[in-house]
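A closer look at the structure
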Amino acid sequence: MTVSLDYEDYDLGSMTWEDAETAIDDADFVVLPTGAIEQHSLHLPVSVDTLRAENLTRELVTAAPDRGLSMLRLPTLPFGYSEHHMPRAGTLTLLPDTYQKVVRELGSSISEHGAERLLIVNCHGGNSAPLKLAGDRLQREHDIEVYLVDWTSYAREQLNERFGENWSHAGPHETSVTELYHPDLVKADEKVNQERKASFNARQYTWYTDLTVQGGRGDPRDSDAEFMEQVVADTTERILDALEEDLEQSTDGVQTLQRSSDDE
Ligand SMILES: [Zn+2]
């Protein structure tokens, strides 16, 4: 049996400690991709957000040198805050306190080794609130700038234009991304319009299954991997634009690039 992780030369996981020492020193950003393991309806695997984090940060890290930026990627943090999906099997969650602690300890480790900027690229909406708090704490307690990018926020306009408002969890957006990178993991014959149970204005839902029958939103049959390839390319550039803009006005180390969180 072959055991292999798909590490490239910009991945910390491929390096010896001596290589890492140099790479951390040279990196403009040390990138932490964050995903989740949680139910994604009947047609997608529980690893969708983690697979998105892996693939979308690969696009970002490989595009960065064209802007004169160097990025070193940490291994993707596969687990996130997914308690709201727990009624469905396969979901694995860290509770918010644990999750914040994990992120803070990873950030403080990399800061101890000399990293100047930590860029968290998040691909799961549930992680956004605890990541924001963990980022605040890290920045105030360590000599490191924290940048928080919720990837989907930078794609939202384009996704709205194409799919309307209803493309989020396990819907056309995530189905398209999975079809683009891992088509073998999509159960095409299980793609059905996701039936809505409730749509609250102010009330918080307890479990995600309070809102949807199958576990997702929208109609995954509208997916379009080719369109998504363009969205990924455009979004990557928008994120790099935002980072460049922030670097230009970097003054006292208080940098947060968070937009509103998405349901993914
Ligand atoms: Zn998702």
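Notes on the structure in this doc start here.

The rules behind each value
Residues numbered from 1 in each chain as written. Predicted model: local features only at pLDDT ≥ 70, side-chain atom pairs only at ≥ 80, totals over all residues. Heavy atoms only, no water. Donors = N, O, S within 2.8 Å, 3.2 Å for Na, K, Ca; no water. Tetrahedral: all angles 85-135°; square planar, octahedral: opposite > 155°, others 65-115°. Helix = DSSP H or I, 4+ residues; strand = E, 2+ residues; numbered from the N terminus. Buried < 20%, exposed > 50% of the residue type's maximum accessible area, 1.4 Å probe, protein only. Pairing = 2+ DSSP bridges. Right-handed = clockwise from strand over helix to strand, strands pointing away. Phe/Tyr/Trp six-rings, centres within 6.5 Å; stacked < 30°, edge-to-face > 60°. Lys NZ or Arg CZ within 6 Å of the ring centre and 35° of its normal.

On to the coordination of the zinc ion. Surrounding the zinc ion are the protein donor atoms His40 (NE2), Asp49 (OD), Glu174 (OE) and Glu174 (OE), at 1.9 to 2.7 Å. Between the four donor atoms coordinating the zinc ion, the angles at the centre fall across 52 to 131°, so the site counts as irregular. Read N to C, the donor residues that coordinate the zinc ion are spaced as H-x8-D-x124-E. Highlighted residues: His40 in the loop between strand 1 (29-34) and helix 2 (48-63) and Glu174 in helix 6 (residues 172-181), separated in sequence by 134 residues. Of the two residues examined, His40 and Glu174, each falls in the buried class.

Let us now look at the pairing of strand 3 (residues 117-122). Among the six residues that make up strand 3, six are buried, leaving the element largely enclosed by the rest of the structure. Every second residue of strand 3 is oriented toward a common face, with Arg117, Leu119 and Val121 on one face and Leu118, Ile120 and Asn122 on the other, all of them buried. As defined by bridge partners, strand 3 adjoins strand 4 (residues 145-150) across six bridges and the pair is classed as parallel. Following the sheet pairing, Asn122 is matched in strand 4 by Asp150. Between the parallel pair strand 3 and strand 4, the chain is carried across by helix 4 (residues 128-141), and the sense of this crossover is right-handed.

Okay, the packing of aromatic side chains next. Taken as a whole and assessed by the stated rule, the structure comprises three aromatic pairs. Between Phe29 and Tyr147 the ring centres are 5.0 Å apart and the planes differ by 85°, which places this aromatic pair in the edge-to-face class. Placement of the pair is Phe29 in strand 1 and Tyr147 in strand 4, with a sequence separation of 118 residues. Here Phe29 matches Tyr147 in class, with each residue buried. Geometrically, the ring pair formed by Tyr205 and Tyr208 is edge-to-face, given 5.7 Å between the ring centres and 80° between the ring planes. With relative accessibility at 1%, the residue Tyr208 sits in the buried group. A cation sits over an aromatic face here: Arg162 above Phe227, 4.8 Å from the ring centre.

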